[in-house]
Amino acid sequence: MLSNMPQFERQVYDRSRNDEAADTAEAYLESLQLLERMHRLMLDLVKDEFERLCRNDLTPVQALILYNMGESEVTAGELRSRGMYQGSNVSYNLKKLVTMGYVHHERCDMDRRSVRVRLTDAGQEVRLLVQRLFLRHAEGLAMSGVLDDPPLEQVNLQCRRIERFWSEQIRYIY
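Analysis parameters
- Residues numbered from 1 in each chain as written.
- Predicted model: local features only at pLDDT ≥ 70, side-chain atom pairs only at ≥ 80, totals over all residues.
- Heavy atoms only, no water.
- Helix = DSSP H or I, 4+ residues; strand = E, 2+ residues; numbered from the N terminus.
- Buried < 20%, exposed > 50% of the residue type's maximum accessible area, 1.4 Å probe, protein only.
- Contact = heavy atoms within 4.5 Å.
- Areas by Shrake-Rupley, 256 points an atom, 1.4 Å probe, with all protein chains shown as cover.
- pLDDT = per-residue confidence, 0-100.
- Pairing = 2+ DSSP bridges.
- Axes fitted to C-alpha atoms, helices over the stretch in contact; angles between N-to-C directions.

Novice: In this structure, what is going on with the overall build of the protein? I would like to understand it.
Specialist: The secondary structure content of the protein amounts to 6 helices and 3 strands. If you list the helices and strands of the protein from N to C, you get α-α-β-α-α-β-β-α-α. Counting over 174 residues, the protein shows a buried share of 22%. At a minimum sequence separation of 6, the contacts of the protein that also span at least 24 residues come to 52%. Summed over its atoms, the accessible surface of the protein is roughly 12,900 Å², and 54% of this surface lies on carbon and sulfur atoms.

Rendered as structure tokens:
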């Protein structure tokens, strides 16, 4: 197709493709900045909620770790893959959460190097506080119509596609 085009039309076609690529790159870079800011804002929202409740014993990251643990018994590696935590960050925070009585830990029988953790009753209480906060926000967003266009389901689908692309990039680079 391009070889049959006159030189001028090929230049216009190439320029428009370059413009589209530049627009896509700009939108992608803006998305990356938005993701980072949204994550920081989410931590601030959790921090503010806990300050309102006079719960100053936990950091927002620790509260989110408890939230992400849920009802399951998990390993630190599973938590790392679920949330936005670095490996040493998870280990450090889990040790603190065990010391504070929010998490119970025990070594796996089959692999003594692996530690499984689960929430204590106090950890479940914190998890419910964070869950209520997020549900309150979801209700407010639904009432405001902010999530209507595009529907949040489409935004989530797009985010999952980007997540899958990034995961594949990591797998094939190393």
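Novice: When you look at the confidence of the model for the protein in this model, what are you seeing that I'm missing?
Specialist: Caution applies to low-pLDDT regions: their predicted coordinates should not be interpreted in detail. Confidence in the prediction of the protein, expressed as mean pLDDT, is 86, and 84% of residues score 70 or more. Across the protein, element-level confidence peaks in helix α5 (residues 121-144) with a mean pLDDT of 96 and bottoms out in helix α3 (residues 76-82) with 79.

Novice: Would you take a moment to explain the sheet that holds strand β1 (residues 74-75) for this structure?
Specialist: The pairing of strands in a sheet comes from backbone hydrogen bonds and takes either a parallel or an antiparallel form. One open sheet holds the 3 strands; their spatial order is β1-β3-β2, and the pairing between them is antiparallel. If you trace the sheet from one side to the other, it starts and ends with β1 and β2 (103-107), each paired once. Where β2 meets strand β3 (residues 115-119), 5 bridges bridge the pair, whose relative direction is antiparallel. Within the sheet, the bridge partner assigned to Arg107 lies in β3 and is Val115. Sitting on the sheet, helix α2 (residues 60-69) is in contact with β1, β2 and β3, with an inclination near 95° to β3.

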